[in-house]
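Structural overview
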Amino acid sequence: MEQWDGNEGTSAFHMPEWMIQFADQKQEFNKRPTKIGRRSLSRSISQSSTDSYSSAASYTDSSDDETSPRDKQQKNSKGSSDFCVKNIKQAEFGRREIEIAEQEMPALMALRKRAQGEKPLAGAKIVGCTHITAQTAVLMETLGALGAQCRWAACNIYSTLNEVAAALAESGFPVFAWKGESEDDFWWCIDRCVNVEGWQPNMILDDGGDLTHWIYKKYPNMFKKIKGIVEESVTGVHRLYQLSKAGKLCVPAMNVNDSVTKQKFDNLYCCRESILDGLKRTTDMMFGGKQVVVCGYGEVGKGCCAALKAMGSIVYVTEIDPICALQACMDGFRLVKLNEVIRQVDIVITCTGNKNVVTREHLDRMKNSCIVCNMGHSNTEIDVASLRTPELTWERVRSQVDHVIWPDGKRIVLLAEGRLLNLSCSTVPTFVLSITATTQALALIELYNAPEGRYKQDVYLLPKKMDEYVASLHLPTFDAHLTELTDEQAKYLGLNKNGPFKPNYYRKAIAA
């Protein structure tokens, strides 16, 4: 894997003039706005975002008819029909949600204001596949303000906010997504983003790798004009490294997932708050005294464990990595194997990024009314397919909540059919996503404007300077004041007074 080195001219990150001005006026970030199924086309290699066994309408608009958006003829107010959403008439409600999100995304809004004059993404044609939420909408509209053309699909069949998708479509963005897509719908939407006459992408923004996989499989010649890929999930990054190792990665790729700002903020702090929100909305349960096992003690696992412990739950942890395992022990959690506690726990949460973490054998041994859910990006962690057998009965309780009932009457509560709990069943903190979205935007700008030869066909980590820059942009929101090194102190530490303050390997030490 290529490393950033500020001392090498070909690989160094050069801060453009608008970014320097941007950094000098960070105090402006604290100013906030005042207004308030069909036959499958394909199968993903990891089946990370599809594998749907039951149709599920959006809980936000359950009164809508059941007609598939693919069968509707819709146009926005400008007469365009280059989109496919649940109901374009919901656009006004979605716009209000986007305006609320803008207030909690100060750095991204300032980036839009500062850089739109220079338009660093002029000529960029970005195809994206992410969760379509109000926060993503702010990112998309920022990319548009910076000069990019965008086409977008959803990376998860349950996480799309229909009203937000409608607002984006009304604003002229070709969006193809709705909550409760089938597997065939999922791939159809991605194909509609990519396969369009007279338009070819030159940048990819992916979350999970399904979009990249689809282009490699169906339209490999497109990579001749694609300048790079920006990927934010552990699942998608894993796929990129597999392609690189096999010599099949034909464009540079930015690994946003392992940036410090993503690991330490989105993964940790976002999940620390959203795990409770997702569980409470779906089950109305009380956490005090409940026994919970969290599979995986990376940043997502750490956030989940901290939140549940603070609510009075008894938390167990499973881990394969001895370093993460030791961290769990020293944080006061008991390290166990899943088999040791599976009969007694009330909640099972997976967040490993792996597959078959919870198997049918585990599911058979769970106690009555045990809640099972996943906080990882991929739906491969829980073996949901093994529950689709004649002897088991599925009973829909509410949207994203199913009882799976055994012949003896025992039942488990399965949330979101094993998909990502927080974005499928609740919402996530906007401010944290501002950090990730700003990182994604800067990564796109860097890859798109990089001179030929700076990046090879490999997977790159973001420069430490960019990580620190994104963090600094959000500090004024808290009225925080950084201490500055004196010349003597900087010389003693061997650092530049303006950073970076940590070496490249720092991210590896904390990105557990």
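Residues numbered from 1 in each chain as written. Predicted model: local features only at pLDDT ≥ 70, side-chain atom pairs only at ≥ 80, totals over all residues. Heavy atoms only, no water.

**Things to note about the overall build of the chain**
Using the following cut-off: Per the convention used, a helix needs a DSSP run of H or I reaching at least four residues, while a strand needs a run of E reaching at least two, with both numbered from the N terminus. Each accessible area value is a Shrake-Rupley result obtained with a 1.4 Å probe; residue values ignore everything except the protein chains displayed when judging cover.
The helix and strand tally for the chain stands at 18 helices and 15 strands. Summing over all exposed atoms, the chain offers an accessible surface of approximately 21,800 Å²; the carbon and sulfur share of this is 50%.

**Observations concerning the packing of helix H6 (residues 183–194) against helix H7 (residues 210–218)**
Threshold: Axis definition: a line fit to C-alpha positions, over the contact stretch in the case of helices; interaxial angles, taken between N-to-C directions, run 0 to 180 degrees. For classification purposes, angles smaller than 35 degrees are called roughly parallel, those larger than 145 roughly antiparallel, those between 65 and 115 roughly perpendicular, and all remaining angles oblique. Note: crossing handedness is left-handed where the near helix turns anticlockwise from the far helix by less than a right angle, and right-handed where it turns clockwise. Contacts: residue pairs with any heavy atoms within 4.5 Å of one another. As a working rule, the residues Ala, Val, Leu, Ile, Met, Phe, Trp, Tyr, Cys and Pro are called nonpolar, Asp, Glu, Lys and Arg charged, and the rest polar, with Gly in that last group.
Taken N-terminus to C-terminus, the directions of H6 and H7 make an angle of 70°; their axes are 10 Å apart at the nearest point. With respect to H7, the axis of H6 lies roughly perpendicular. The element H6 and its partner H7 pack so that their crossing is right-handed. Contacts between H6 and H7 involve Phe186, Trp187, Ile190, Asp191 and Val194 from the first element and Asp210, Leu211, His213, Trp214 and Ile215 from the second. Of the residues belonging to the contact of H6 with H7, the class tally is seven nonpolar, one polar and two charged.

**Let's talk about the sheet that holds strand E8 (residues 314–318)**
We count it as follows: Should DSSP find at least two bridges between two strands, the strands are taken to pair.
Strand order across the open sheet formed by eight strands is E9-E8-E7-E10-E11-E14-E13-E12, with mixed pairing between neighbours. The open sheet is flanked by strand E9 (334–335) and strand E12 (393–398), the only strands paired with a single partner. Both strand E13 (residues 401–405) and strand E14 (residues 411–415) contribute to a ladder of five bridges, which runs antiparallel. Note that in E14 the partner of isoleucine 405 across the bridge is arginine 411.

**With respect to unusual backbone geometry**
Trans peptide bonds make up most of the peptide bonds, and negative phi angles are found at most residues other than glycine. Going by this rule: Only protein chains enter the area calculation, which uses a 1.4 Å probe; residues under 20% of their type maximum are buried, those over 50% are exposed, and those in between are partly exposed.
A cis geometry characterises the amide bond from glycine 499 onward to proline 500, with omega recorded as 5°. Looking at the secondary structure, you find proline 500 in the loop between helix H17 (487–493) and helix H18 (506–510). A positive phi angle, near 70°, is found at glutamine 400, a position not held by glycine. By relative accessible area, glutamine 400 is classed as buried at 3%.

**A word on helix H16 (residues 464–474)**
Across the 11 residues of H16, nine count as buried, placing the element largely inside the fold. Listing the buried residues of H16 in full gives Lys464, Met466, Asp467, Glu468, Tyr469, Val470, Ser472, Leu473 and His474.

**Comments concerning the nonpolar core**
What counts is decided by this rule: Throughout, nonpolar core names a set of buried Ala, Val, Leu, Ile, Met, Phe, Trp, Tyr and Cys residues whose side chains join them through atoms within 4.5 Å.
Counting 59 residues, the largest nonpolar core has Leu121, Ile126, Leu143, Trp152 and Val175 as its most contacted members. At the level of elements, helix H2 (91–103), helix H3 (106–115), helix H4 (134–145), strand E2 (149–154), helix H5 (162–170), strand E4 (203–206), helix H15 (430–449) and H16 are the ones that each hand at least two residues to this core. In this view, leucine 143 contacts Leu121, Ile126, Ala148, Cys150, Trp152, Ala441 and Leu444; residues no more than four positions away in its chain are not counted. Phe287, Cys304, Val317 and Leu415 belong to the second largest nonpolar core, which has 31 residues in total.

**As for the packing of aromatic side chains**
Quick reminder of the rule: Between 30 and 60 degrees the pair is tilted, below 30 it is stacked and above 60 it is edge-to-face, where a pair is any two Phe, Tyr or Trp rings, Trp via its six-membered ring, whose centres lie within 6.5 Å. As a reminder, the over-ring test applies to NZ of lysine and CZ of arginine, requiring each to be within 6 Å of the ring centre and within 35 degrees of the ring normal.
Enumeration according to the criterion identifies nine aromatic pairs in this entry. Summarising the aromatic geometry, the rings of phenylalanine 186 and tryptophan 187 are spaced 4.9 Å apart at their centres and angled 85° between planes, so their arrangement reads as edge-to-face. Across this residue pair, the class does not change: phenylalanine 186 and tryptophan 187 are buried. Here lysine 227 stacks its cationic end above the ring of tyrosine 448, 4.3 Å away from the centre of that ring.

**Remarks on the pairing of strand E5 (residues 228–231)**
Cut-off, in case you're wondering: If the strands point away from the viewer and the path from the first strand over the helix to the second runs clockwise, then the crossover is right-handed.
Every second residue of E5 is oriented toward a common face, with Gly228 and Val230 on one face and Ile229 and Glu231 on the other, all of them buried. A crossover links E4 with its parallel partner E5, the connecting element being H7, and its sense is right-handed. Tracing the backbone out of E5, into helix H8 (residues 234–245) and back to the parallel element strand E6 (residues 253–255) gives a crossover that is right-handed.

**Quick word on the UniProt feature "binding site: NAD(+)" (unreviewed entry) in the chain**
What counts here: UniProt positions are given in the numbering used here, feature names are shortened, and annotations may be inferred rather than shown by experiment.
With numbering aligned to this structure, UniProt lists the feature "binding site: NAD(+)" (unreviewed entry) at Gly298, Glu299, Val300, Gly301, Lys302, Gly303, Glu319 and Asn422. Mapped onto the secondary structure, glycine 298 falls in the loop between strand E7 (291–295) and helix H10 (299–310). Judged by relative accessible area, glycine 298 falls into the buried class, the value being 16%. Here valine 300 lies in helix H10. Residues in contact with valine 300, not counting those within four places in the same chain, are Asn267, Cys271, Cys351 and Met375.

**Comments concerning the packing of H4 against H15**
Interhelical geometry of H4 versus H15 gives an angle of 30° and a closest axis separation of 10 Å. With respect to each other, H4 and H15 are oriented roughly parallel. Seen along the crossing, H4 lies across H15 with a hand that is right-handed. In this structure, H4 contributes Gln135, Leu139 and Leu143 to the contact, and H15 contributes Thr430, Leu433, Ala437, Gln440, Ala441 and Leu444. Class assignment of the residues belonging to the contact of H4 with H15 gives a composition of six nonpolar, three polar and no charged.

**Examining the sheet that holds E4**
Sheet architecture is open: seven strands sit in the order E3-E2-E1-E4-E5-E6-E15, paired in parallel fashion. The open sheet has two edge strands, strand E3 (175–176) and strand E15 (459–461), and neither has a second partner. Where E2 lies against E3, two bridges are found, and the strand directions are parallel. In the strand pairing of E3, alanine 153 is matched with phenylalanine 176.

**Looking at the pairing of E8**
Most of E8 is tucked away: four of the five residues are buried. Pairing analysis gives five bridges linking E7 to E8, with the strands arranged parallel. Its bridge partner being in E8, cysteine 295 is matched across the sheet by threonine 318. Handedness of the β-α-β unit built from E7, H10 and E8 comes out right-handed.

**Focus on the pattern of salt bridges**
Stated precisely, the cut-off is as follows: Any carboxyl oxygen of Asp or Glu that lies within 4 Å of a side-chain nitrogen of Lys or Arg is treated as forming a salt bridge with it.
Under the defined criterion, the tally for this structure stands at 19 salt bridges. Residues arginine 112 and glutamate 102 are paired through a salt bridge, measuring 3.8 Å at the closest nitrogen-oxygen approach. A residue pair is termed long-range when its members are at least 10 positions apart, and arginine 112 in helix H3 and glutamate 102 in helix H2 qualify at 10 residues. A salt bridge links aspartate 364 to arginine 360; its shortest N-O distance comes to 2.7 Å. Of the two residues, aspartate 364 and arginine 360 both sit in helix H13 (residues 360–365), four residues apart, roughly one turn of that helix. On the basis of relative accessibility, which here comes to 35%, the residue aspartate 364 falls in the partly exposed class. By relative accessible area, which is 18% here, arginine 360 ends up buried. Each of Arg396, Asp402, Glu417 and Arg419 takes part in salt bridges that share partners, so that together they form one network.

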